[in-house]
Amino acid sequence: MIEKADQIFVLLGHWLVSFLPVWLQPAAMVLLGVLAIIVTFPALFAITVLLERKGLGRMQNRYGPNRVGPFGIFQPVADGIKSLTKEDIVPTSADGVVHFLAPVFLVVVVFMGYAVLPMGRNMTLVSMDAGLLFFFAIGASTELSVFMAGWSSRNKYSLLGAMRAVAQMISYEVPLLLSSLTIVMMTGSLSLGKIVEAQNQYTWGLPHWYIFTPWGFAGFLLYAVATTAESNRSPFDLPEGESELVAGYFTEYSGFKFALFFLGEYVGMMSISGLGTTLFLGGWSAPLQILGWVPSWCWFFGKVMMSMCVFIWMRGTLPRLRQDQLMNFAWKFVLPLTLVNLMVAATWRFLGAGWERWVICSAILILVYTLMGRSGMRRGHIGPRSYRYAE
Amino acid sequence: MTPLTGYLLVAALLFAIGLAGALTRRNAILVLIGIELMLNAANLNFIAFWRYGPHPEALTGMMFAIFSIAVAAAEAAVGLGLVIQIHRHAHTTDLDQMNRMKG
Amino acid sequence: MSIVFFAIAGLSVAGALAAVALKNTVHCALALTVAFAGLALLFLELDAQFAGFAQILVYIGAVAILVVFAILLTRGSETPKDGIYSTKWLLGLVTASGIFAVLAWAVLHSTWALPGPEGAPTAAPAVTVMDIGNALMGRYVLPLEIVALLLTSALIGAVIVAMHEKESAQ
């Protein structure tokens, strides 16, 4: 029974496919998987948007949407209908083809990332040997769509927003890759399935997740910072800073194309949270051994939605950075720390089992973090925000 | 026509297109684009020979392609840095106007 | 020779042609990414998974973006008034087509030297990422170190080249 509940989607897929002739079955199975991804994640997107609007409302001491349906839960439906029926305005001077292709490209690329994510036991669409590399290769292509959107609009705000976004995404992609590399070093594999398998072990009923090691914890924090910047979320949402750039690179988009950008942004956030879950939080494995009876996909989606809640929480709490602070933070603080973290992971590997490695690795990380933080703050590269008011 | 011949012909065509671009365009950045295309065509040859060669397990062609991708990244970074610097200095990226040694 | 091969090859050649022939420089850069993507697909078609993904990561994720940045920083997207082709364009075109003719002739007339359809391995060589890693750390460790050194010096060099102006202006 437990086994059945765990594998329910896989069994359902096999049952549906069994009606087809044998030679069609593998292709139909893949198609079914793609269909499931295309249906599931936009549905989660709708839930997230509602959660974000309600949650932000509560954080800002207001109700949030509460008119459509009980407690406003049908708000996403209303939003969807609105964006579908709105007029699609393309500026006369815009580059028509590129302007049209940008959102389409973004959505296609963002959905492709899910192909390698293990969403449960045996629930990977394509289990690839170089899965992590595929994910990053696909993730790097989103920058191009952002640039296409900003440039083709022929609007200075759009172009500035796109340039900011691309510069920021390139800068934070380096720490993103380097912080994930520690996991690859430890697992010895780029396959996401193997990475989850390596974490799906228990000592005294507690899991072997990578976040519960000194280098994994540091790596997870660095990864979280980098992903927040990569998906242009607050406090790194300068590319779409409303107060200065209207809406950044999608200022000139309206109607359905705007909805596609919106969808792409959230689905991208979910996929990168899914990768973080897989790398650091044990993917679909249960947090305690005694909870092993809960279906594996529940854990994966639960962890992803938890990360989305953290994203929303950060947006409600933190003020936006300035462009120079953002760049200094990336190159002078996050990047050196990820490099140190790589070294620490290697040290951990070669110290062997025992309590010494916990002490040594934690000591190195805390020391480097404190020293770099102090010196960076003294020289004014990073540190608390200083506000200058108009005089 | 064997598959290998097909790949080699595509690579030759891409190489020729890249060369034509590098030789005929005015803009320095477009010349760099042409050079990138030529490098890529060479990579395609390496991978094709690796796949259809007698010893694919030796990984020679594959390794060469991977190293050449890394070198191409370095080349693009330095090349475009130079183009930006030249533009700052001479206010043009037109290669036909960059015909003086004296700044 | 399958339909897939012809489709991908057509895509990359069309992208490459557009990249060198279009008028607007930004369009050229975008067409270049199409050519790069086509080449990455060709690598995947040749069972070189790692090289294909590395191609996407490096070329589409980094080189194309660099090109685009350079175009915007040099105002290259404005079409020049005196044409996009150099004064010696005919010579270049003749050279390029001559080289293509020679290469194509060589490829088509050396089928005896290439592995024929019966000699070509049909099964994909079972190369995992692990094998590539072992090769990089074993047989190819010296080239790897040299590439690392080259990339570091290129990084520093590019930064110095691009920021030189500021110092001399002061």
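Residues numbered from 1 in each chain as written. Chains lettered and ligands numbered in written order. Predicted model: local features only at pLDDT ≥ 70, side-chain atom pairs only at ≥ 80, totals over all residues. Heavy atoms only, no water.

1. Quick look at the overall build of chain C
- Tallying secondary structure elements over chain C gives six helices and zero strands in all.
- For chain C, the sequential pattern of α-helices and β-strands runs α-α-α-α-α-α.
- Looking at chain C residue by residue over its 170 residues, the buried ones come to 39%.
- Of the contacts formed within chain C by residues at least 6 apart in sequence, a portion of 55% connects residues at least 24 apart.
- Just so you have it, chain C exposes about 9,100 Å², and 72% of that area is on carbon and sulfur atoms. (Helix = DSSP H or I, 4+ residues; strand = E, 2+ residues; numbered from the N terminus. Buried < 20%, exposed > 50% of the residue type's maximum accessible area, 1.4 Å probe, protein only. Contact = heavy atoms within 4.5 Å. Areas by Shrake-Rupley, 256 points an atom, 1.4 Å probe, with all protein chains shown as cover.)

2. Here's the deal with the domain arrangement of chain C
- Under the domain assignment used here, chain C contains domain 1 (1-79) and domain 2 (128-170).
- Each of domain 1 of chain C and domain 2 of chain C has a C-alpha centre, and these two points are 23 Å apart. (Domains from an automatic or database assignment.)

3. A short note on helix α7 (residues 156-187) of chain A
Residues and elements named next belong to chain A.
- Its 32 residues give α7 an end-to-end C-alpha distance of 46 Å, which sits within 8% of 46 Å, the value for a rise of 1.5 Å per residue.
- The largest bend in α7 is about 25°, located at Glu173, with the proline Pro175 one to four residues further on.
- Between a side-chain oxygen at the N-terminus of α7 and the backbone nitrogen of Tyr157 the separation is 2.7 Å; the capping residue is Asn155. (Expected span 1.5 Å × (residues − 1). Bend = angle between axes of the 7 residues up to and from the residue. Polar contact = N/O pair within 3.5 Å; in protein donor to acceptor, adjacent residues only side chain to side chain.)

4. Thoughts on the packing of aromatic side chains
- Applying the stated criterion to the full structure yields 26 aromatic pairs over all chains.
- Between Phe41 of chain A and Phe301 of chain A, the ring centres sit 5.9 Å apart and the planes meet at 40°, which makes this aromatic pair tilted. Highlighted residues: Phe41 of chain A in helix α3 (residues 25-59) and Phe301 of chain A in helix α12 (residues 296-317), separated in sequence by 260 residues. Each member of the pair, Phe41 of chain A together with Phe301 of chain A, is buried.
- Here the aromatic rings of Tyr7 of chain B and Phe5 of chain C are separated by 4.6 Å at their centres, their planes lie at 70°, and the arrangement is edge-to-face. Here Tyr7 of chain B, found in helix α1 (residues 3-24), pairs with Phe5 of chain C, found in helix α1 (residues 3-21), and the two come from separate chains. Exposure class is identical for Tyr7 of chain B and Phe5 of chain C. Each is buried.
- Here the basic side chain of Arg357 of chain A rests over the ring of Trp348 of chain A, its NZ or CZ set 4.1 Å away from the ring centre. (Phe/Tyr/Trp six-rings, centres within 6.5 Å; stacked < 30°, edge-to-face > 60°. Lys NZ or Arg CZ within 6 Å of the ring centre and 35° of its normal.)

5. Describing the interface of chain C and chain B
- In this complex, chain C contributes 86 residues to the contact, which on the side of chain B involves 68 residues.
- Across the chain C/chain B interface, buried area totals approximately 6,700 Å², and carbon plus sulfur atoms make up 78% of it.
- Between chain C and chain B we count one salt bridge in total.
- In this structure, Asp47 of chain C and Arg51 of chain B form a salt bridge, with 2.7 Å as the shortest nitrogen-oxygen distance.
- Linking chain C to chain B there are five residue pairs in polar contact (both at pLDDT 80 or more).
- When residues of the side of chain C that touches chain B are traced back to their parent elements, those giving at least two are α1, α2 (25-45), α3 (49-73), α4 (89-108), α5 (129-137) and α6 (141-169) of chain C.
- Taken together, the residues of the side of chain C that touches chain B break down into 65 nonpolar, 14 polar and seven charged. (Buried area = accessible area lost by both parts, 1.4 Å probe. Salt bridge = Lys/Arg side-chain N within 4 Å of Asp/Glu carboxyl O. Nonpolar A, V, L, I, M, F, W, Y, C, P; charged D, E, K, R; others polar.)

6. Comments concerning α5 of chain C
Residue and element names in this part refer to chain C.
- Residues Val129, Ile132, Ala135 and Leu136 constitute the buried set of α5. Buried residues of α5 fall within an arc of 125° about the axis and therefore sit on the same side. Facing away from the buried side of α5, by more than 90 degrees, are the exposed residues Met130, Asn134 and Met137. (Arc of directions from axis to C-beta.)

7. Side note on unusual backbone geometry
Residue and element names in this part refer to chain A.
- If you check the backbone angles, Phe71 has positive phi at about 55° while not being a glycine.
- The phi dihedral of Asn122 falls on the positive side, at around 60°, and the residue is not glycine.
- If you trace the backbone, Asn122 turns up in the loop between α5 (96-112) and α6 (131-152).

8. A few points about empty space enclosed by the protein
All names here are of chain A.
- By the definition in use, this model includes two cavities of 30 Å³ or more.
- Taken as a whole, the largest cavity encloses approximately 390 Å³ of empty space.
- In terms of lining residues, the largest cavity is bounded by 27 residues, among which Val110, Thr142, Met169, Glu230 and Gly268 are the most central.
- Split into classes, the residues belonging to the lining of the largest cavity amount to 16 nonpolar, eight polar and three charged.
- Quantified by volume, the second largest cavity comes out at close to 40 Å³.
- As for the second largest cavity, its lining consists of Val116, Pro118, Thr124, Val126, Ser127, Met128, Gly131, Ser191, Leu192 and Gly193.
- Along the lines of polarity and charge, the residues of the lining of the second largest cavity split into five nonpolar, five polar and no charged. (1 Å grid on protein atoms, 1.4 Å probe; cavity = no way out; pocket = protein on both sides within 12 Å on 5 of 7 lines; lining within 4 Å. Points joined across faces, edges and corners; volume = space filled by probe spheres on them.)

9. With respect to the interface of chain A and chain C
- Chain A puts 24 residues into the contact, and the matching count from chain C is 22 residues.
- Both faces combined, the contact of chain A with chain C buries some 2,000 Å², and carbon together with sulfur accounts for 82% of it.
- A per-residue breakdown of the area chain A buries against chain C is headed by Leu133, Leu144 and Trp151 of chain A, which together make up 26% of the total.
- At the junction of chain A and chain C, the tally comes to zero salt bridges.
- Summed over the shared surface of chain A and chain C, the number is two residue pairs in polar contact (both at pLDDT 80 or more).
- Those elements giving two or more residues to the side of chain A that touches chain C turn out to be α6 and α7 of chain A.
- Sort the elements by how many residues they give to the side of chain A that touches chain C and α6 of chain A lands first, with eleven residues.

10. As for the arrangement of the chains
- Ranking the two pairs of chains in contact by contact count places chains B and C at the top.
- No interface is formed between chain A and chain B, the nearest pair of C-alpha atoms being 14 Å apart.

11. Regarding a nonpolar patch on the surface
Residues and elements named next belong to chain A.
- A grouping of Ile8, Phe9, Leu12, Trp15, Leu16, Phe19, Leu32, Leu35 and Val39 is seen on the molecular surface, where their side chains present a nonpolar patch of about 900 Å² in accessible area.
- If you list the elements that add at least two residues to the nonpolar patch, you get α2 (8-17) and α3.
- As for its position among the elements, Val39 is in helix α3.
- By relative accessible area, which is 57% here, Val39 ends up exposed. (Patch = residues over 30% accessible without salt bridge, like charges linked within 9 Å, V, L, I, M, F, W, Y side chains within 5 Å.)

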